[in-house]
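Below are the chains, spelled out letter by letter.
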Amino acid sequence: MGKDIIKSKYDKFCLRISGVVVLSVFLVTIILSLVSVGKLLDQNYFSSIVISAAFYVALFVAIAGVYRQNQLEKITYGRLWPVFAIMLGATYGFLANISGHLFVFLVTDILNYHVFVPIWVSFLISLFCGVLAYCTAKGVFRLNRQKFLLLIVVTVTVGFCAATILTNNQDWWRTSICSIGMPRNVNSEYYNITLILFGLLSVLFAYYLRPQIRSLVAKGLLDRTSVFILTSLYFMEMIAVALIGVFPYGLFNWANPVHMFLASFVFFDIMPILFFAFWFFRKFPRKFMITSYVLSLIGATFYYLTGFVNTSIPFAVTEIVTIVAVLLWIVLFLGTLSKMSSPKYIHIK
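These numbers come from a predicted model, not from an experiment. (Residues numbered from 1 in each chain as written. Predicted model: local features only at pLDDT ≥ 70, side-chain atom pairs only at ≥ 80, totals over all residues. Heavy atoms only, no water.)

*Asks:* Mind showing me how you'd approach the layout of surface pockets here?
*Replies:* Estimated volume of the second largest pocket: approximately 330 Å³. In terms of lining, the second largest pocket is formed by 15 residues, of which the most central are Ile-98, His-101, Leu-102, Phe-105 and Leu-166. Looking at the lining of the second largest pocket, the elements that each hand over two or more residues are helix H2 (43–72), helix H3 (81–110) and helix H5 (145–166). For the lining of the second largest pocket, the per-class residue count stands at 10 nonpolar, 4 polar and 1 charged. (1 Å grid on protein atoms, 1.4 Å probe; cavity = no way out; pocket = protein on both sides within 12 Å on 5 of 7 lines; lining within 4 Å. Points joined across faces, edges and corners; volume = space filled by probe spheres on them. Helix = DSSP H or I, 4+ residues; strand = E, 2+ residues; numbered from the N terminus. Nonpolar A, V, L, I, M, F, W, Y, C, P; charged D, E, K, R; others polar.)

In structure tokens form, the structure reads like this:
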């Protein structure tokens, strides 16, 4: 089996950039400890240093990683590499920021940070950032459809969990999950950024689906009209999700109706895709059709129970169930899409 020269070169890049990050962060934190004696051992100051360093390290390493791979081979990202670089940089920076919170918790609460001398704290921060740099660089290398979808799922899961843990509104589940993103709540930006990243990453994810969609159109399993309508609904859905994060409820008085309209639009825009599956996907396997309508029925049932019937079920449950149902449908759709685009697939009328 031949050696993957491109992968070998990129592995060296990952090691080099991790080493540069470790050395740079170590020197910067040592200088900060000398300028501000003792502050590195203050919990708030230590936390801000770790979280800021983690974000910027992941941001710039992701951008550098995409740029380096685009120099080695132009297959994965192509002409859109600057867009991928910015989006992946923002996403990995966001995840690194949350990882920084966890790291601070481990150091301050488990490792008993106050006994550390500044040089030891600097070593820990630089080591943490070095690991982040290596993982980020490896994460953006040859990011195929499966890895990109996994990144979206991880971003949504980690972002939502961080938003619910770090918020001061522990009763968010009694109303709508969007209440987590209200500016009056502490750390509301984690929820809003999660929505923005989810929407924009999902738009970018369509880049990976083009070859398979074209394959199904060529085989006559999808028609161009259906593809156009589905594409339009999909893009409007994801842009609306991102805009909900841009205009959280309570930001400005004039923005509240915008937020409510977008929130309603997200629910009603997804319905045509699921309810009219018999037309959009009329040549798809029967198992796909049945599962699609089961998921639609589950979502519609919860929406009816919380929106039109006097029950004790909070609307947040409906939102969570709907999100889970949509994610399951996406996984189902991608699996069916992959199977049908295979040269060995035979359509049975």
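*Asks:* Which parts of the structure should I look at to understand the pattern of salt bridges?
*Replies:* Oppositely charged side chains can form a pair if their charged atoms are brought close together. Taken as a whole and assessed by the stated rule, the structure comprises 5 salt bridges. The salt bridge partner of Lys-138 is Asp-11, with a shortest N-O separation of 2.8 Å. Of this pair, Lys-138 sits in helix H4 (residues 118–139) while Asp-11 sits in helix H1 (residues 5–35), and the two are 127 residues apart along the sequence. Judged by its relative accessible area of 30%, Lys-138 falls in the partly exposed class. Among the residues examined, Asp-11 registers a relative accessible area of 23% and is labelled partly exposed. Among the ionic pairs, Asp-223 bridges to Arg-282, the shortest N-O distance being 2.5 Å. Taken together, the residues Asp-223 in the loop between helix H6 (188–219) and helix H7 (224–246) and Arg-282 in the loop between helix H9 (277–280) and helix H10 (286–307) connect sequence positions 59 residues apart. The class for Arg-282 is partly exposed, based on a relative accessible area of 43%. Linked through salt bridges whose partners overlap, the residues forming this network are Asp-4, Glu-73 and Arg-142. (Salt bridge = Lys/Arg side-chain N within 4 Å of Asp/Glu carboxyl O. Buried < 20%, exposed > 50% of the residue type's maximum accessible area, 1.4 Å probe, protein only.)

*Asks:* Would you take a moment to explain the nonpolar core for this structure?
*Replies:* Burial of nonpolar side chains together is a common tendency in soluble globular proteins. Membership of the largest hydrophobic core comes to 96 residues, with the highest contact counts inside it found for Leu-88, Phe-148, Phe-281 and Trp-329. Setting aside its immediate chain neighbours within four residues, Leu-88 contacts Ala-62, Val-66, Tyr-77, Val-140, Leu-143, Phe-148 and Leu-151. (Core = buried A, V, L, I, M, F, W, Y, C linked by side-chain atoms within 4.5 Å. Contact = heavy atoms within 4.5 Å.)

*Asks:* Can you help me understand empty space enclosed by the protein in this one?
*Replies:* Counting across every chain of the model gives 1 cavity of 30 Å³ or more. One number sums up the size of the largest cavity: a volume of about 170 Å³. Lining the largest cavity we find 13 residues, and of these Ile-270, Leu-274, Gly-299, Ala-300 and Thr-322 sit closest to its centre. Going through the elements one at a time, helix H8 (255–275), H10 and helix H11 (315–340) are the ones with two or more residues in the lining of the largest cavity.

*Asks:* What is the right way to look at the packing of H2 against H3 in this model?
*Replies:* To characterise two packed helices, one gives the angle between the axes of the helices and the distance between these axes. Packing of H2 against H3 brings their axes to within 7 Å, and their N-to-C directions diverge by 150°. One finds that H2 runs roughly antiparallel with respect to H3. At the point where H2 passes H3, the crossing takes the right-handed sense. For the contact of H2 with H3, a count of residues per class yields 21 nonpolar, 9 polar and no charged. (Axes fitted to C-alpha atoms, helices over the stretch in contact; angles between N-to-C directions. Parallel < 35°, antiparallel > 145°, perpendicular 65-115°, else oblique. Left-handed = near helix turned anticlockwise from the far one by under 90°.)

*Asks:* Is there a simple way to think about a nonpolar patch on the surface in this case?
*Replies:* A surface patch of nonpolar side chains, amounting to about 540 Å² of accessible area, comprises Val-117, Ile-119, Trp-120, Phe-123, Leu-127 and Val-131. Within the secondary structure layout, Leu-127 lies in helix H4. Look at Leu-127 and you get partly exposed, because its relative accessible area is 43%. (Patch = residues over 30% accessible without salt bridge, like charges linked within 9 Å, V, L, I, M, F, W, Y side chains within 5 Å. Areas by Shrake-Rupley, 256 points an atom, 1.4 Å probe, with all protein chains shown as cover.)

*Asks:* So what exactly am I meant to see when it comes to the side chain of Ser-292 here?
*Replies:* Counting through the fold element by element, Ser-292 comes out in helix H10. By relative accessible area, Ser-292 is classed as buried at 0%. When sequence neighbours within four positions are dropped, the list of residues in contact with Ser-292 reads Trp-329 and Leu-332.

*Asks:* Honestly, H8 in this entry has me stumped. Any pointers?
*Replies:* Helical geometry: 3.6 residues make up each α-helical turn, so side chains three or four residues apart lie on a common side. Spanning 21 residues, H8 covers 31 Å between terminal C-alpha atoms, matching the ideal 30 Å at 1.5 Å per step. Of all the positions in H8, only Ala-255, Asn-256, His-259, Leu-262, Ala-263, Val-266, Phe-267, Asp-269, Ile-270, Ile-273 and Leu-274 are classed as buried. (Expected span 1.5 Å × (residues − 1).)

*Asks:* Just to check I follow, could you spell out the packing of H8 against H11 for this structure?
*Replies:* Put simply, H8 and H11 touch, their axes get as near as 12 Å, and they point 40° apart. Judged by the angle between their axes, H8 and H11 are oblique. Judged by the sense of rotation from one axis to the other, the crossing of H8 with H11 is left-handed. Only Phe-315, Glu-319, Thr-322, Val-326 and Trp-329 of H11 make contact with H8, whose side of the interface consists of Phe-267, Ile-270, Ile-273 and Leu-274. Partitioned by chemical class, the residues of the contact of H8 with H11 number 7 nonpolar, 1 polar and 1 charged.

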